[in-house]
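Understanding the architecture of this molecule
If you want the building blocks of each chain, they are given just below.
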Amino acid sequence: MYLTMFFLHILGIAGIAAPILVYLATGLMGSNVDKGMLAGVYRLGDVSGKYLATFGGVVALITGLIMVAITNSGLITWGELWIWVSIVLFVIAEGMASTVTSRAGAEAAALLAKGDASYQAAASRYGMYVYVHLILWVIIVALMVFKPF
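Residues numbered from 1 in each chain as written. Predicted model: local features only at pLDDT ≥ 70, side-chain atom pairs only at ≥ 80, totals over all residues. Heavy atoms only, no water.

A few words on the side chain of Glu94. Counting through the fold element by element, Glu94 comes out in helix α3 (residues 81–114). Beyond its immediate stretch of four places on either side in the chain, Glu94 contacts Ile16, Ala53, Thr54, Gly57, His133 and Trp137. (Helix = DSSP H or I, 4+ residues; strand = E, 2+ residues; numbered from the N terminus. Contact = heavy atoms within 4.5 Å.)

Take a look at the structure:
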């Protein structure tokens, strides 16, 4: 049962990572890319943030809680601070991905499609949100792996 939950947990995390990977792909595309293609990638970031990250987040949270309950044999208990800090950071990261980050991606795509000059500022905001999301996930994973407190 634990291995099944762990597998589903990893699949959920892959869904969470989708908007981050989509944004990183925009950096790999370079500066000579077609505007329509770049707008499509930003739109993909919006959709993956709203749906894949949200669904993956729910799956990762539920399976993570089940895994803690399964191993609640004295090694890991609900009273440990790292679990609660991880859960709070998780809720913040997922809320941010499904609202703020995805909206910023949609705004960047819309401005780019219109040819608006403020596209660069919107893309920069989108990138900042993605990097904050990435930093939150690095902290969450570090807490789960190292269990510092």
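This part covers the layout of surface pockets. Taken as a whole, the largest pocket spans an internal volume of roughly 500 Å³. When residues of the lining of the largest pocket are assigned to their parent elements, the largest contribution, six residues, is made by helix α2 (residues 35–70). Across the lining of the largest pocket, the residue classes tally to 20 nonpolar, four polar and one charged. (1 Å grid on protein atoms, 1.4 Å probe; cavity = no way out; pocket = protein on both sides within 12 Å on 5 of 7 lines; lining within 4 Å. Points joined across faces, edges and corners; volume = space filled by probe spheres on them. Nonpolar A, V, L, I, M, F, W, Y, C, P; charged D, E, K, R; others polar.)

Okay, the pattern of salt bridges next. A full pass over the atoms with the stated rule returns one salt bridge. Salt-bridge contacts for Arg125 lead to Glu107; the nearest nitrogen and oxygen are separated by 2.9 Å. You can see Arg125 sitting in helix α4 (residues 119–146) and its partner Glu107 sitting in helix α3, a full 18 residues away along the chain. Glu107 sits in the partly exposed class, given a relative accessible area of 35%. (Salt bridge = Lys/Arg side-chain N within 4 Å of Asp/Glu carboxyl O. Buried < 20%, exposed > 50% of the residue type's maximum accessible area, 1.4 Å probe, protein only.)

This next bit is on the side chain of Thr63. Mapping Thr63 onto the fold places it in helix α2. You can call Thr63 buried: its relative accessible area is 4%. In this structure the side chain of Thr63 is engaged in a polar contact, spanning 3.0 Å, whose partner is the side chain of His9. A polar side-chain atom of Thr63 sits 3.2 Å from the main-chain carbonyl oxygen of Ala60. Once residues within four sequence positions are removed from consideration, Thr63 is found in contact with Met5, Leu8 and His9. (Polar contact = N/O pair within 3.5 Å; in protein donor to acceptor, adjacent residues only side chain to side chain.)

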